[in-house]
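Survey of secondary and tertiary structure
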Amino acid sequence: MTMPTHNNIRSLPLPAIQSGLVVHLLNLDFNAKKTDIEQILRDHGFEGCILYWAHPTKGHRGEHMGWCRVQFVDKDTAERARSALAHASFKGRPLKIGHVTVPTVLSRPVLIKNDDGEDMLCSQEVPSPANHNNAFATKTWVYVKKGSGKDTQLQRIDRDYLAEYEAND
């Protein structure tokens, strides 16, 4: 029996989302332990999963925020889980299943691992509203992380100038 792995939601790999391996589980009882969620997955025949959790907000008393994302071993297993868990209940509450799509707008960059295992910034496009001085043309900004540790800085760059920025960096 393979025990599920638990990770921070920010470490969820985009290729897993793009491949359809990730399912969003909602309506989880706030008093449930993460191990309880593992058990319901095992009870439905799903093993070897990776569970991704958001950190509870300040003042929240539970281990989780009432939802998690689950990465399955392959697309067929993820589809089976969507079907099976859509009719399941957990601690007297019906589980809700959501689809996870690749975000097109995020407020911060996402670090992913490249093929060599190195951290790599996955720039997310953030549309900015047009102002009245530019004929209502929209601009798209990309946030770029520079440095590490205490020296980390976040810079906002107009997407039109991203290639020039990367060439000069």
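Here the structure is a predicted model, which means the values were calculated and not measured.

**Some remarks on the packing of aromatic side chains**
Tallied over the entire structure, the rule returns one aromatic pair. Residues Phe46 and Phe72 carry aromatic rings whose centres are separated by 5.5 Å and whose planes lie at 70° to one another, so their mutual orientation is edge-to-face. Highlighted residues: Phe46 in the loop between helix 2 (34-43) and strand 3 (50-53) and Phe72 in the loop between strand 4 (68-71) and helix 3 (75-85), separated in sequence by 26 residues. For Phe46, a relative accessible area of 1% translates into the label buried.

**Considerations on the sheet that holds strand 1 (residues 5-8)**
Judged by pairing direction, the sheet is mixed, and its five strands sit side by side in the order 1-3-4-2-7 without closing on themselves. Because the sheet does not close on itself, it has two edges, and the strands there are strand 1 and strand 7 (96-99). Strand-to-strand twist of the sheet, defined as the mean angle between neighbouring strand axes without regard to direction, takes the value 30°. With four bridges connecting them, strand 2 (residues 22-26) and strand 7 associate as antiparallel partners. The partner of Leu26 across the bridge, within strand 7, is Lys96. Packing against the sheet, helix 3 makes contact with strand 2 and strand 7, and its axis sits at approximately 20° to strand 2.

**A few points about the nonpolar core**
Judged by nonpolar contacts, the single largest core of 20 residues is most densely connected at Ile37, Leu41, Leu51, Cys68, Val70, Phe72 and Leu85. Elements that contribute at least two residues to this core include exactly strand 2, helix 2, strand 3, strand 4 and helix 3.

**Considering the side chain of Arg82**
Within the element layout of this structure, Arg82 appears in helix 3. Among the polar contacts listed, one links the side chain of Arg82 to the backbone oxygen of Val22, at a separation of 2.9 Å. Within the structure, the side chain of Arg82 is placed 2.9 Å from the side chain of Glu79, a separation counted as a polar contact. Non-local contacts of Arg82, meaning those with residues more than four positions away in its chain, are made with Gly20, Val22, Val23, Ile97 and His99.

**Some details on the state of the cysteines**
Taken as a whole and assessed by the stated rule, the structure comprises zero disulfides. No disulfide involves Cys49; its sulfur sits 9.6 Å from the nearest other cysteine sulfur, which is in Cys68. Judged by its relative accessible area of 0%, Cys68 falls in the buried class.

**Considerations on the pattern of salt bridges**
Per the stated rule, a full pass over the model turns up three salt bridges. A salt bridge links Arg42 to Glu38, with the nearest nitrogen and oxygen atoms 3.5 Å apart. Taken together, the positions of Arg42 and Glu38, both in helix 2 and four residues apart, correspond to about one turn of that helix. Take Arg42 and Glu38: they sit in the same class, and that class is buried.

**Some remarks on the confidence of the model for the chain**
Confidence in the prediction for the chain averages 76 pLDDT; 66% of positions are at 70 or higher. Per-residue pLDDT, averaged within each element of the chain, yields its smallest value for strand 10 (residues 125-128) (48) and its largest for helix 3 (94). Across residues 127-137, confidence stays below pLDDT 50; counting only partners more than four residues off in sequence or on other chains, it has eleven contacts.

Parameters and conventions
Residues numbered from 1 in each chain as written. Predicted model: local features only at pLDDT ≥ 70, side-chain atom pairs only at ≥ 80, totals over all residues. Heavy atoms only, no water. Phe/Tyr/Trp six-rings, centres within 6.5 Å; stacked < 30°, edge-to-face > 60°. Helix = DSSP H or I, 4+ residues; strand = E, 2+ residues; numbered from the N terminus. Buried < 20%, exposed > 50% of the residue type's maximum accessible area, 1.4 Å probe, protein only. Pairing = 2+ DSSP bridges. Axes fitted to C-alpha atoms, helices over the stretch in contact; angles between N-to-C directions. Contact = heavy atoms within 4.5 Å. Core = buried A, V, L, I, M, F, W, Y, C linked by side-chain atoms within 4.5 Å. Polar contact = N/O pair within 3.5 Å; in protein donor to acceptor, adjacent residues only side chain to side chain. Disulfide = S-S within 2.5 Å. Salt bridge = Lys/Arg side-chain N within 4 Å of Asp/Glu carboxyl O. pLDDT = per-residue confidence, 0-100.

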